[in-house]
Amino acid sequence: MRLIAILSPTDKWGTKTEYSRLRKFLLKDGHIRIGPEVFMRVVQNRKASEKHYRRIDEVKPKTGVVRLLRLTEKQHNDIIDFVTPKLYY
């Protein structure tokens with residue numbers, strides 16, 4: 001099972017430090033950064049994912065949006081990535 005956290009910070013004053021703290025927490029907690037504001041962690045089961053939901057809820061910023069998504073391995077394997085080749089001029 002995969003746990004994906006999607007961060008949407010706001011431009012309010014003081015938000016940058018709160019989101020920096022959350023990003024550091026996620027990396028320390030074992031999440032992998034898969035995008036600019038997207039983090040992923042592999043968990044054993046639903047109970048373990050709920051534990052991480054509560055931990056993120058304790059450190060979430062006061063402003064902005066933090067979305068949490070729970071995917072099974074089968075759902076994660078169905079993700080298709082389109083990657084364009086780098087163009088060198």
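Up top you'll find the structure we're talking about.
As the structure is a computational prediction, the values presented were derived from the model and not from experiment.

Engineer: What's the story with the nonpolar core in this structure? I'm lost.
Structural biologist: Of all hydrophobic cores here, the largest spans 8 residues; its members are Ala5, Leu7, Tyr19, Leu22, Phe25, Leu26, Phe39 and Ile56. Put simply, the parts of the chain that give this core at least two residues each are strand 1 (2-8) and helix 1 (15-28). Here the element with the most residues in this core is helix 1; it accounts for 4 residues.

Engineer: Looking at this structure, I do not really get the side chain of Ser49. What am I missing?
Structural biologist: Turning to its location among the elements, Ser49 is positioned in helix 2 (residues 46-59). A polar atom in the side chain of Ser49 sits 2.6 Å from the backbone oxygen of Arg46.

Engineer: Whenever I open this one, the environment of Arg23 confuses me. Can you help?
Structural biologist: Along the chain, Arg23 turns up in helix 1. Overall, the relative accessible area of 19% leaves Arg23 in the buried class. Counting along the chain gives 16 residues from Arg23 to Leu7, while the straight-line C-alpha distance between them is 9.0 Å.

Engineer: Any chance you could explain the environment of His31 here in plain terms?
Structural biologist: Tracing the sequence through the fold places His31 in the loop between helix 1 and strand 2 (32-35). On the basis of relative accessible area, His31 is assigned to the buried category, the value being 4%. In this structure His31 touches Leu3, Leu26, Phe39, Met40, Arg41 and Ile56, once residues within four positions along its chain are discounted.

Engineer: Would you mind going over the sheet that holds strand 2 with me for this structure?
Structural biologist: Pairing is antiparallel across the open sheet formed by 4 strands, whose spatial order is 2-3-1-4. Only two strands of the sheet have a single neighbouring strand rather than two, namely strand 2 and strand 4 (65-71). If you compare each strand with its neighbour and ignore which way they point, the axes differ by 25° on average. In this sheet, strand 3 (residues 38-42) lies alongside strand 1 in antiparallel orientation, the contact comprising 5 bridges. Of the residues in strand 3, the one forming a bridge with Ala5 is Phe39. Contacts from helix 1 reach strand 1, strand 2, strand 3 and strand 4 within the one sheet, and its direction differs from that of strand 1 by about 165°.

Engineer: Can you walk me through the packing of helix 1 against helix 2 in this structure?
Structural biologist: A pair of packed helices can be characterised by two numbers: the angle between their axes and the separation between those axes. Where helix 1 meets helix 2, the closest approach of the two axes is 10 Å, and the angle between their N-to-C directions is 155°. By the criterion of interaxial angle, the relationship of helix 1 to helix 2 is roughly antiparallel. Here the hand of the crossing between helix 1 and helix 2 comes out right-handed. Taken together, the residues of helix 2 that come into contact with helix 1 (itself represented by Leu22, Phe25 and Leu26) are Arg55, Ile56 and Val59. For the contact of helix 1 with helix 2, the class distribution of residues is 5 nonpolar, no polar and 1 charged.

About the criteria used
Residues numbered from 1 in each chain as written. Predicted model: local features only at pLDDT ≥ 70, side-chain atom pairs only at ≥ 80, totals over all residues. Heavy atoms only, no water. Core = buried A, V, L, I, M, F, W, Y, C linked by side-chain atoms within 4.5 Å. Buried < 20%, exposed > 50% of the residue type's maximum accessible area, 1.4 Å probe, protein only. Helix = DSSP H or I, 4+ residues; strand = E, 2+ residues; numbered from the N terminus. Polar contact = N/O pair within 3.5 Å; in protein donor to acceptor, adjacent residues only side chain to side chain. Contact = heavy atoms within 4.5 Å. Pairing = 2+ DSSP bridges. Axes fitted to C-alpha atoms, helices over the stretch in contact; angles between N-to-C directions. Parallel < 35°, antiparallel > 145°, perpendicular 65-115°, else oblique. Left-handed = near helix turned anticlockwise from the far one by under 90°. Nonpolar A, V, L, I, M, F, W, Y, C, P; charged D, E, K, R; others polar.

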